[in-house]
Amino acid sequence: MSTRQFGEPVQRNADPGLLKGEGAFIDDISLPGALHAAFVRSQHARAKIRSIDISAAEAMPDVVAVYTADNIGALDVELPMLIPHPCITSGGKTQRPLARDDVFYAGQCIAMIVAVDRYAAEDACSLIEVDYEPLPVELDLEKAIADGAPPVHDDIPNNIAAHFVQESGDADAAFAAAEHTTTVRVRLERSTAAPMECRAVAARWDGVSGELTVWDSTQATISVRGGLASLFDIDEDRIRVIAPNVGGGFGQKIMMFHPDEILVPFAAMQLDRPVKYIEDRVENFIGASQERAQIHEIALAAKKDGTVLGLRDSFIHDTGAFIPYGIAIAQVASTSIAGPYRIPDIWVEMTLVYTPCVQVTPYRGCGRPQACFAIERALDRLADELGIDRTEIRRRNFIGPGEFPYKRDGLLFADGLAVNYDSGEYEKALDLITGTVDLAGFRKEQEAARVEGRYLGFGIGFYVEGTGLGPYEGGHVKVHPITGKVYVTTGLTSQGQGHETVFAQIAADQVGCDVKDVIFVEGDTQAHEWGVATFASRAAVVSGNAIHKAAVKARARIIAAAANMLETDEDSIELRDGRAWIVDGNRSVSLAEIATASNPLRYAFNEASQTATQFAPASTHDGPPLAEGQAPGIEETDYFSPSHATWAYGVHAAIVEFFPDICSMEIRRYLCIHDCGNMINPMIVEGQVMGGIGQGIGGAFYERCAFDDKGTPLAANFMDFLMPYATEVPDAEILHMETPSPLNPLGIKGVGEAGTIPVSQVIASAMEDALAPLGIGPVRESPMSPDMIHGLLSEARSRR
Amino acid sequence: MKPALFDYVAPETVEAAVAALAGDETARPLAGGQSLIPTMNFRLSTPGRLVDLGKIESLRGIAVENGSIRVGAMTRHRELEAHGAANAANPLIGEVLDNVAHIAIRNRGTVGGSIAHADSAAELPCLLVASGGTVSVQGPDGSREIAADDLFRFHMTTTLDQTEILTEVRIPALPPATGYAFEEFARRRGDFALAGVCTLLTLEGSVCREARIAACGIGARPIRLAAAEDALRGRVVDEDARSEAGEAAKEYMTAPADTQASVAYRRDLLAALVRRTSETALKRAGR
Ligand SMILES: Cc1cc2nc3c(=O)[nH]c(=O)nc-3n(C[C@H](O)[C@H](O)[C@H](O)COP(=O)(O)OP(=O)(O)OC[C@H]3O[C@@H](n4cnc5c(N)ncnc54)[C@H](O)[C@@H]3O)c2cc1C
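Residues numbered from 1 in each chain as written. Chains lettered and ligands numbered in written order. Predicted model: local features only at pLDDT ≥ 70, side-chain atom pairs only at ≥ 80, totals over all residues. Heavy atoms only, no water.

Listed by partner, the interface residues are 33 residues for chain A and 25 residues for chain B. Between chain A and chain B lies a buried interface of about 2,400 Å² when both sides are counted; carbon and sulfur atoms form 55% of it. Of the charged contacts in the structure, one is a salt bridge between Arg43 of chain B and Glu122 of chain A, with a shortest N-O distance of 3.8 Å. The tally of links from chain A across to chain B stands at 16 residue pairs in polar contact (both at pLDDT 80 or more). Elements with a minimum of two residues in the side of chain A that touches chain B: helix H3 (118–125), helix H8 (281–287), helix H18 (682–702) and helix H20 (786–799) of chain A. (Contact = heavy atoms within 4.5 Å. Buried area = accessible area lost by both parts, 1.4 Å probe. Salt bridge = Lys/Arg side-chain N within 4 Å of Asp/Glu carboxyl O. Polar contact = N/O pair within 3.5 Å; in protein donor to acceptor, adjacent residues only side chain to side chain. Helix = DSSP H or I, 4+ residues; strand = E, 2+ residues; numbered from the N terminus.)

And the structure:
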């Protein structure tokens, strides 16, 4: 047998090219004669537009067109409500490409300028006069839903965008039976994904063929194509959407439609010139989707021994000025709220609030970091109140390995199906992490350090993550007759996750070739036109299994053809090194020869086609060269549609040293376990997890989209919106556990978002532990800035 | 984020540069560009003409002589940071520069640019004030010397005229029996500090004969913390003295609250940095 690639730390295929600067991001795609777009954006959070004067801008020599809501024809509409839900008030408010009469957040697009270059376009932006009538705003989530608060949308009372309750079991009964209850209020701030490449769109209209090509830095090429076809009323076959190299997305690029991605193609068609828009950093901070702000009030009903009987959580979710993504984030938060714990009785209430800020759509983690912070903070509190060790209380509540599948009837996940955990070894993960950290040894060290006036702390956080959502993805596997390379496609897009490597590993295992001989293509509607998109930690699970299924079928065809060519039976064929071999023999035939021979030929182009004729025919049948029902070549397509989400989980722990005089801390050790089932490539798993931890550190300490009380963004550049540098991200120790998922042939679960989820909890928990001798109150907010810590320490001092 | 239209000239002498500035009120010198170019890209500043100082050889180089370190204005941060003789004469230099931005920025940013830019949170101006340095400037009417105490007016504003070019920065060598320390707190490594403190303690036996303490990030410009100095001068710098110095420093904190720090936190932070740096300086003075 050839060595199995699945499970090997195969080097990432795409990296050498990217590292040498050979990548092609949208700004690298040169379109001769291209025009460049820039946007005039609202200066106010909420205002009526009295008038827009574009005359001076239009008169500029280098300006080709100025668009406002008045001259974009059929595009002057509210854009689609992507994920409707009956609980959304009046069907939900969505964004328009360009503001008409009203602006709803500072940064909203009002006009688009198309000019010969971006310099001229920006010059022209400053010449457009917008006369605003500013309206009052309320940014505080709780005040915004109070009676009399200024409305974001006039017809939405109390700014409530949606209200929904989910229940599993009987929480009232659990609370009635409780020996102890704990209530905790936590708050997380608004943040943003800040991908390294901001939004970017280029479009070319070919008037002769009637074809529109759009390069979009999106996570969802197929969906963008569908949306464009419907908005422009052109046939889908006439639109090709390509996501070339994409410099990060983290969910921000799953959102449809940002105004640019329809207005740029529109202008290209109108002006019959290629048009490009490369969003700059300020625009990304004020105009691209954000996420995270939630306030939870969570209560646990428990027995004295720490067994949690019931959970009630009522939370407010900031959805921004629009709700194009429906309740997805809040729904994920509400269904992740009970974590890996048995907790049989659950009641969760969500209230989604319109605020005069850019819309909220998923950002890596998508509601899970918030849910994790809420339940884990509450559990730490419960442990402290009951005098039980924080790790022990978790142990007492874990769902045991024998209890799967573990269903929470009544809690519907983002796929519309009941939460149903498929597998996990939660207690084993706890043992592994506390053992590796040597918690008992640490407690002694902590004691000794306290005597010296040093403050060490240990923190831990668990999470579950529903991954691999449907509905489906496809996989296509073809062996090229000329080169013998294996061509694999799917309908996803990549933002650097390593798809090209892991999918090559999956395909290579079946067809018996080297990973390097797999050509993988995605992010191009012309290469693969059925599928959904990259989001929700679903790529490996859904496309991975689809590619696996297609490759299994291709393998069968290769073996059948090879058996014919080598005049043996199928059981005697093995595939390795790009060839089919007779087991225990030295006769073989290459994949190129097999693919060539499987395609009834007229011309012999090369050696493979000549040598193919030396073998017996690939297909033994009478009649015409292609038998009825037979397809030429080695080519297979298959689809994978998961029955429901597969639930990954993990645990992080940290040891920190805290310096109270400057209100800062140092992470001494950071450990992580993420169990994503069978690992296709442990190195890529580590990379994904590590990147997630980096983003989680950002969430825990730094990332805050601050606004003043007028709604003006205060963090619209990298000096004001802080992201961790490499120097701020600890060198995490990543431990592995593999509990296969029974829900898919490869036994895999998602990993993309995992790393971000528990970091805030881990840090908060460690901080409380470290500062316990100083008597600080509970840590209830994230990010945890030195300023906030200073407040906690001052409070503690004044209490003493 | 594209700058507005501007003219660009790159003269080869200071005289020509001064002339180029004098000819256009909106002209600005361009040094390493690490502060000026971002503000232009944000269109926060729109100079009509950039006078690039990069081709003026006489503005470069480092010389250590007569107890002073002379640094040409166009010397890159990194050149000074790596300069053996300069750091031997005053090791505070390397300690301060290690906190200025990141290596890539220090490779481009210049010593003169940092000082002329006069960001109230910048480290080099603080060093200059703490150590009692001076600068030379040249304008249409010739050159003059400005002592650090007279140079910084407020955030991003010096006493230089628009037509003047800062040509040289002079940092005194560390006096004998003097311990030094610079410490700052920034949210991330390399960021502008929420507060930074530069401390120089000269000992006579176990008593502090002279103390020079300056801070950045806590007001409109780098500030000598005279009351904190007084708390140490003539005393044994023990824990009590250091605490008193820290407390005394708090009154100099005039920065308003911002998105990163409240007034109360910054005051306490300043006090902590005074305590920390005076402890380190004390240890080093003893060596
Ligand atoms: C990400 C980042 C982080 C940073 N962090 C820090 C930090 O922590 N601490 C810090 O101190 N700085 C920091 N900086 C700023 C950096 O140190 C700059 O290089 C420095 O402040 C300006 O030096 P420059 O040579 O780049 O000057 P430029 O940007 O070219 O010029 C700055 C200003 O000074 C004027 N000027 C320059 N030279 C002269 C001269 N010889 N005579 C008269 N006027 C002159 C210019 O006209 C301009 O107004 C950071 C910069 C970046 C981009």
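Glancing now at the site of the ligand. All names here are of chain B. Looking at the ligand, there are 31 residues lining it, with Pro29, Gly33, Leu36, Thr110 and Glu123 nearest. Contact between the ligand and Ala31: an oxygen atom at 2.8 Å from a main-chain N or O atom of the residue. Here an oxygen atom of the ligand sits 2.7 Å away from a polar atom, N or O, in the main chain of Gly33. For the ligand, whose unbound accessible area comes to 960 Å², protein coverage reaches 88%. Those elements that place two or more of their residues in the shell around the ligand are strand E2 (27–30), helix H7 (111–117) and strand E10 (165–172). (Near = heavy atom within 4 Å. Areas by Shrake-Rupley, 256 points an atom, 1.4 Å probe, with all protein chains shown as cover.)

Our focus in this paragraph is the sheet that holds E2 of chain B. Residues and elements named next belong to chain B. Spatially, 3 strands are ordered E1-E3-E2 in an open sheet, and the strand pairing comes out parallel. The open sheet has two edge strands, strand E1 (7–9) and E2, and neither has a second partner. Recorded for the sheet is a direction-independent mean angle of 25° between the axes of neighbouring strands. When E2 meets strand E3 (residues 49–52), the two strands line up parallel, connected through 4 bridges. Across the sheet, residue Ala27 finds its bridge partner in E3, namely Arg49. (Pairing = 2+ DSSP bridges. Axes fitted to C-alpha atoms, helices over the stretch in contact; angles between N-to-C directions.)

Before going further, it helps to examine the domain arrangement of chain A. Residues and elements named next belong to chain A. Parsing chain A into structural domains produces domain 1 (31–135 + 197–247 + 253–287), domain 2 (294–469 + 643–799) and domain 3 (470–640). Computed over C-alpha atoms only, the centres of domain 1 and domain 3 are separated by 41 Å. In this assembly, 15 residues from domain 1 lie in contact with 18 residues from domain 3. Summed over the three residues of domain 1 that lose the most area to domain 3, namely Gln219, Ile222 and Arg240, the buried surface amounts to 46% of that side. (Domains from an automatic or database assignment.)

With that settled, the discussion passes to the packing of helix H10 (residues 368–386) of chain A against helix H19 (residues 759–771) of chain A. All names here are of chain A. Packing of H10 against H19 brings their axes to within 9 Å, and their N-to-C directions diverge by 25°. With respect to each other, H10 and H19 are oriented roughly parallel. Of the two elements, H10 crosses H19, and the hand of that crossing is right-handed. Each of Cys372, Phe373, Glu376, Arg377 and Asp380 in H10 lies in contact with H19, whose residues at this interface are Ser760, Gln761, Ala764, Ser765 and Glu768. A class-by-class count of the residues in the contact of H10 with H19 yields 3 nonpolar, 3 polar and 4 charged. (Parallel < 35°, antiparallel > 145°, perpendicular 65-115°, else oblique. Left-handed = near helix turned anticlockwise from the far one by under 90°. Nonpolar A, V, L, I, M, F, W, Y, C, P; charged D, E, K, R; others polar.)

A separate point is the packing of aromatic side chains. Residues and elements named next belong to chain A. Tallying each qualifying case throughout the model produces 18 aromatic pairs over all chains. Ring centres 5.7 Å apart and planes at 85° place the aromatic pair Phe404 and Tyr426 in the edge-to-face group. Of this pair, Phe404 sits in the loop between helix H11 (390–397) and strand E16 (406–412) while Tyr426 sits in helix H12 (residues 426–437), and the two are 22 residues apart along the sequence. Seen in terms of ring centroids, Phe701 and Tyr702 are 5.8 Å apart; in terms of plane orientation they differ by 50°. Their pairing is tilted. Pair check on accessibility: Phe701 and Tyr702 agree, each one buried. Members of the aromatic cluster, joined through ring pairs, are Tyr341, Phe398, Phe404, Tyr426, Phe462 and Tyr649. (Phe/Tyr/Trp six-rings, centres within 6.5 Å; stacked < 30°, edge-to-face > 60°. Buried < 20%, exposed > 50% of the residue type's maximum accessible area, 1.4 Å probe, protein only.)

Attention now moves to the pairing of strand E19 (residues 473–479) of chain A. Residues and elements named next belong to chain A. The buried count for E19 comes to 6 of 7 residues, which makes it a mostly enclosed element. By the bridge criterion, 4 bridges tie E19 to strand E20 (residues 486–489) in an arrangement that is antiparallel. Bridge assignment links Val477 to a residue of E20, and that residue is Val488. Following E19, the chain reverses through 6 residues before pairing antiparallel with E20; Gly484 in that reversal takes a positive phi of roughly 75°.

All names here are of chain B. Per the domain assignment, the segments making up chain B are domain 1 (1–44 + 62–172) and domain 2 (179–286). Distance between the C-alpha centres of domain 1 and domain 2: 24 Å. When domain 1 packs against domain 2, close to 2,100 Å² is buried across both sides, 60% of that on carbon and sulfur atoms. Here domain 1 and domain 2 share 2 salt bridges between them. A salt bridge links Asp98 to Arg189; the nearest nitrogen and oxygen atoms lie 3.0 Å apart. Put simply, domain 1 and domain 2 have 10 residue pairs in polar contact (both at pLDDT 80 or more) between them. With 7 residues, the single largest contributor to the side of domain 1 that touches domain 2 is helix H8 (residues 123–131). A per-class count over the side of domain 1 that touches domain 2 returns 14 nonpolar, 6 polar and 6 charged.

Time to look at unusual backbone geometry. Between Phe404 of chain A and Pro405 of chain A the backbone carries a cis peptide bond, its omega angle lying at -5°. Position of Pro405 of chain A among the secondary structure elements: in the loop between H11 and E16. The linkage connecting Gly470 of chain A with the following residue, Pro471 of chain A, adopts the cis geometry, with an omega of 0°. Here the phi dihedral of Cys366 of chain A falls at roughly 45°; this positive angle occurs in a residue that is not glycine. Counting through the fold element by element, Cys366 of chain A comes out in the loop between strand E15 (345–354) and H10. Of the residues examined, Cys366 of chain A reaches a relative accessible area of 8% and is grouped as buried. For Met156 of chain B, which is not a glycine, the phi torsion comes out positive at approximately 65°.

All right, on to the sheet that holds strand E22 (residues 573–576) of chain A then. Residues and elements named next belong to chain A. Reading across from one edge, E22-E23-E24 is the order of the 3 strands in this open sheet, with antiparallel pairing throughout. Of all the strands in the sheet, just E22 and strand E24 (588–590) have a single pairing partner and so form its edges. Each adjacent strand pair in this sheet contributes to an overall mean axis angle of 25°, direction not counted. Two elements, strand E23 (residues 579–582) and E24, share 3 bridges in a ladder whose sense is antiparallel. Counted as the bridge partner of Trp581 is Ser588 from E24. Its contacts with the sheet place helix H15 (residues 539–565) against E22, E23 and E24, and it is angled at close to 120° to E22.

With that settled, consider the side chain of Gln290 of chain A. All names here are of chain A. In this fold, Gln290 is placed in the loop between H8 and strand E13 (294–302). A polar atom in the side chain of Gln290 sits 2.8 Å from the backbone oxygen of Phe285. Excluding its chain neighbours within four sequence positions, the residues that come into contact with Gln290 are Arg190, Ser191, Thr192, Phe285, Val358, Gln359, Val360, Thr361, Cys705 and Phe707.

Let us now look at the pairing of strand E12 (residues 195–204) of chain B. Residue and element names in this part refer to chain B. Among the 10 residues that make up E12, 9 are buried, leaving the element largely enclosed by the rest of the structure. Across 8 bridges, strand E11 (residues 178–185) lies against E12 in antiparallel orientation. In the sheet register, Glu183 faces E12, and the bridge partner there is Val197. Direction of pairing for E12 relative to strand E13 (residues 207–216): antiparallel, over a ladder of 9 bridges. Among the inter-strand pairings, Val197 is bridged to a residue of E13, identified as Ala215. With antiparallel pairing between neighbouring strands as the criterion, E12 and E13 make up a hairpin whose turn holds 2 residues, including Gly205 at a positive phi of roughly 65°.

What follows is about empty space enclosed by the protein. Residue and element names in this part refer to chain A. All chains considered together, the criterion is met by 4 cavities of 30 Å³ or more. By volume, the largest cavity amounts to about 160 Å³. What lines the largest cavity is a set of 16 residues, among which Leu188, Arg292, Gly699, Ser760 and Ser782 lie closest to the centre. Among the elements that make up the lining of the largest cavity, the one with the highest residue count is H18 (4 residues). Tallied by class, the residues present in the lining of the largest cavity amount to 6 nonpolar, 7 polar and 3 charged. In this structure, the second largest cavity spans a volume of roughly 60 Å³. Lining the second largest cavity are Gln95, Arg96, Pro97, Tyr105, Gln108, Cys109, Met255, His258, Pro259, Gly287, Phe322 and Gln359. Looking at the lining of the second largest cavity residue by residue, the classes come out as 6 nonpolar, 5 polar and 1 charged. (1 Å grid on protein atoms, 1.4 Å probe; cavity = no way out; pocket = protein on both sides within 12 Å on 5 of 7 lines; lining within 4 Å. Points joined across faces, edges and corners; volume = space filled by probe spheres on them.)

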